[in-house]
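If you want the building blocks of each chain, they are given just below.
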Amino acid sequence: MSFSTALSGLNAATRDLSVTGNNIANAGTTGFKMARTQFADVYATSALGLSSTQAGSGVRVAGIQQQFTQGNIDFTNNALDLAVNGEGFFTLNASGQTVYGRAGAFGPDRDGFVTNPQGHRLQVYPPLANGGFDTGRLSDLQLQVGDSAPQRSTGIRADINLPAASGTALGVAFDPVDASSYAHTTSLTVYDSLGSAHTAALYFAPTDTPGQWDVHSVIDGAVTGGPTAATFDADGNLLTPAGGSFTLPPVPQTNGAADIELTVDLSGATQFGDRFNVAALTQDGHATGRLTGIEVTPEGIVQARFTNGQARALGQVAMATFANPQGMQELGDTVWGETFVSGPALRGVADSGSFGSIQAGALENSNVDLTAELVHMISAQRAFQANAQMITTTDQITQTALNLR
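First things first, this report covers the structure right here in the doc. (Residues numbered from 1 in each chain as written. Predicted model: local features only at pLDDT ≥ 70, side-chain atom pairs only at ≥ 80, totals over all residues. Heavy atoms only, no water.)

1. Some points on the overall build of the protein chain
Per the secondary structure count, the protein chain includes two helices and 29 strands. Principal-axis analysis of the C-alpha atoms places the extent of the protein chain at approximately 140 × 45 × 40 Å. Per-residue burial for the protein chain yields a buried fraction of 42% across its 405 residues. Across the protein chain, every contact between residues at least 6 apart in sequence was considered, and the portion connecting residues at least 24 apart equals 61%. For the protein chain, the computed accessible surface area is about 20,600 Å², with 51% contributed by carbon and sulfur atoms. Of the side-chain charges in the protein chain, 17 are positive and 34 negative, and the distance between the mean point of each set is 17 Å. (Helix = DSSP H or I, 4+ residues; strand = E, 2+ residues; numbered from the N terminus. Buried < 20%, exposed > 50% of the residue type's maximum accessible area, 1.4 Å probe, protein only. Contact = heavy atoms within 4.5 Å. Areas by Shrake-Rupley, 256 points an atom, 1.4 Å probe, with all protein chains shown as cover. Lys, Arg positive; Asp, Glu negative; His and termini not counted. Charge placed at Lys NZ, Arg CZ, Asp CG, Glu CD.)

Structure follows, in structure tokens:
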């Protein structure tokens, strides 16, 4: 009996050393989670279920439990390197099988799909046409994106201040090339339906009526329509045009684009003090944009950035948690599979509820503590040596008994 008891100790110590060796070997593996060996003693019981009067029958390995504690996060220069800071797993498509992992070393394959080094595709919630994401289904994240389409300008907003001491009319017919025919001007770039840029300018000339200005509009050097009267009350607030805005006549284009039709919003204009000031001058169009990069927000929203300042959402990273992560099945390549013991995957998005946030341009290191593992290795070695010594001692006792005369 002593032989089998000591042999069980040898086997348990060997398993413990194997687990410790695997932890040490993967100390540098991205997203690796250390494991620990759990032991249980073995006791024989009588047929009636009463405790036996004999000593214990040894030890057995009750299980090998993974520890899903947070690993340190290292920053990289790759925008598609992702690290989870907190709870949750990335959802991956492994050739049709859904698996889960914490290793976020992602990159595009030849078809533009974002994969890990093993070829598992990162799963996202696809974007909806009217904004937001379809959290009811998963799709492979793909980075194939063309240029960002242009958007024609439809409106200009000018928040300006015209000097209260406007004086009288200049007495000169308006001409954009004659600086004596206006008092102040400001300009900005607008875009037609094909994304071509055009210069739109507003010129302000005082009139003989106090608090009244003529606003002239010029696009690409050509005067557009007649002047629009802008009047202010005694407190410097805008009275006309009604509603604070006016519409310019269409400007035909020769490049095949649609006519430029602009509404000028002066609702933020004032007449205070003696200085001309432009607080804000904006328009709602943009040119064609080329892809400049991919970025991922802490909420896991993957978006493409373009040279025209626009962003296009490609999806939101699908996260998953489990009621019992230790019950997940280890599949190798630092991924796990769902099991009955783990419970079903609870899906969601990063930085919400119990899910951690996503750090882009970073990777989560292994959570192995090398110092602790080396100390544990020594303890397991001592356990192995002690059980080996027990076998030697039992053998000596047996030999002594056999040598009795």
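Having put the structure on the table, let's press on.
2. Quick look at the packing of aromatic side chains
In the structure shown here, the tally under the stated rule is 10 aromatic pairs. In textbook terms, an aromatic cluster arises when at least three aromatic residues are bridged by ring pairs, as seen for F68, F89, Y100, F322 and W336. Taking NZ or CZ as reference, R121 lies 3.7 Å from the ring centre of F113, over its face. (Phe/Tyr/Trp six-rings, centres within 6.5 Å; stacked < 30°, edge-to-face > 60°. Lys NZ or Arg CZ within 6 Å of the ring centre and 35° of its normal.)

3. Focus: a nonpolar patch on the surface
Nonpolar side chains collect at one region of the surface, where L374, M377 and I378 lie side by side and expose about 240 Å² of accessible area between them. Take L374: it is sitting in helix 2 (residues 370–402). (Patch = residues over 30% accessible without salt bridge, like charges linked within 9 Å, V, L, I, M, F, W, Y side chains within 5 Å. Salt bridge = Lys/Arg side-chain N within 4 Å of Asp/Glu carboxyl O.)

4. Thoughts on helix 1 (residues 2–25)
Structural remark: α-helix, 3.6 residues per turn; residues separated by three or four positions point the same way. Counted at 1.5 Å a residue, the expected span for helix 1 with its 24 residues is 34 Å, and the 34 Å between its end C-alpha atoms agrees. Every buried residue of helix 1 is accounted for by A6, S8, G9, L10, A12, A13, D16, V19, T20 and N23. (Expected span 1.5 Å × (residues − 1).)

5. Considerations on the sheet that holds strand 18 (residues 245–247)
Ordered by their spatial adjacency, four strands build an open sheet running 18-19-11-20, and the pairing between neighbours is mixed. With one partner strand each, in any of the chains shown, strand 18 and strand 20 (277–283) form the two edges of the open sheet. In this sheet, adjacent strand axes meet at a mean angle of 15 degrees when their direction is disregarded. Bridging between strand 18 and strand 19 (residues 263–265) involves three bridges; their strand directions are antiparallel. The residue bridging T247 from the neighbouring strand is T263, located in strand 19. (Pairing = 2+ DSSP bridges. Axes fitted to C-alpha atoms, helices over the stretch in contact; angles between N-to-C directions.)

6. Here's the deal with the pattern of salt bridges
Any two side chains of opposite charge can pair, on the condition that their charged atoms come close. Considering all chains together, one arrives at seven salt bridges under this definition. Residues R157 and D265 are paired through a salt bridge, measuring 2.9 Å at the closest nitrogen-oxygen approach. Of this pair, R157 sits in strand 11 (residues 155–161) while D265 sits in strand 19; the two residues are 108 residues apart in sequence, bridging distant segments of the chain. On the accessibility criterion, R157 (33% relative accessible area) is partly exposed.

7. What to know about the environment of D265
Sequence spacing of D265 and M319 is 54 residues, and the spatial spacing of their C-alpha atoms is 45 Å. Excluding residues that lie within four positions of it along the chain, D265 makes contacts with I156, R157, A158, G244 and S245. At a separation of 2.9 Å, a polar atom in the side chain of D265 contacts the side chain of R157. (Polar contact = N/O pair within 3.5 Å; in protein donor to acceptor, adjacent residues only side chain to side chain.)

8. Comments concerning the side chain of N308
With respect to the helices and strands, the residue N308 is situated in the loop between strand 22 (301–306) and strand 23 (311–317). The exposure class assigned to N308 is buried, which follows from its relative accessible area of 16%. In this structure the side chain of N308 is engaged in a polar contact, spanning 3.3 Å, whose partner is the side chain of S148. In this structure N308 touches S148, A149, H286, A287, T288 and G289, once residues within four positions along its chain are discounted.

9. Describing the pairing of strand 16 (residues 228–232)
Here strand 16 lies mainly inside the structure; four of its five residues are buried. In terms of strand pairing, strand 14 (residues 212–219) meets strand 16 through four bridges, oriented antiparallel. Looking at the pairing, Q212 lines up with T231 of strand 16. When strand 16 meets strand 17 (residues 238–240), the two strands line up antiparallel, connected through two bridges. In the strand pairing of strand 17, F232 is matched with L238. Between strand 16 and strand 17, which follow one another and run antiparallel, lie five residues, and G236 among them has a positive phi close to 85 degrees.

10. A closer look at the environment of A318
Note that A318 resides in the loop between strand 23 and strand 24 (319–321). In sequence terms A318 and A279 are 39 residues apart; their C-alpha atoms lie 42 Å from each other. In this structure A318 touches F89, F90, T91, Q123, V124, Y125, L138 and G348, once residues within four positions along its chain are discounted.

11. Focus on the environment of G104
Within the secondary structure, G104 sits in the loop between strand 6 (97–101) and strand 7 (107–108). Classification of G104 as buried rests on a relative accessible area of 0%. Between the C-alpha atoms of G104 and T392, which are 288 residues apart in sequence, the distance is 50 Å.

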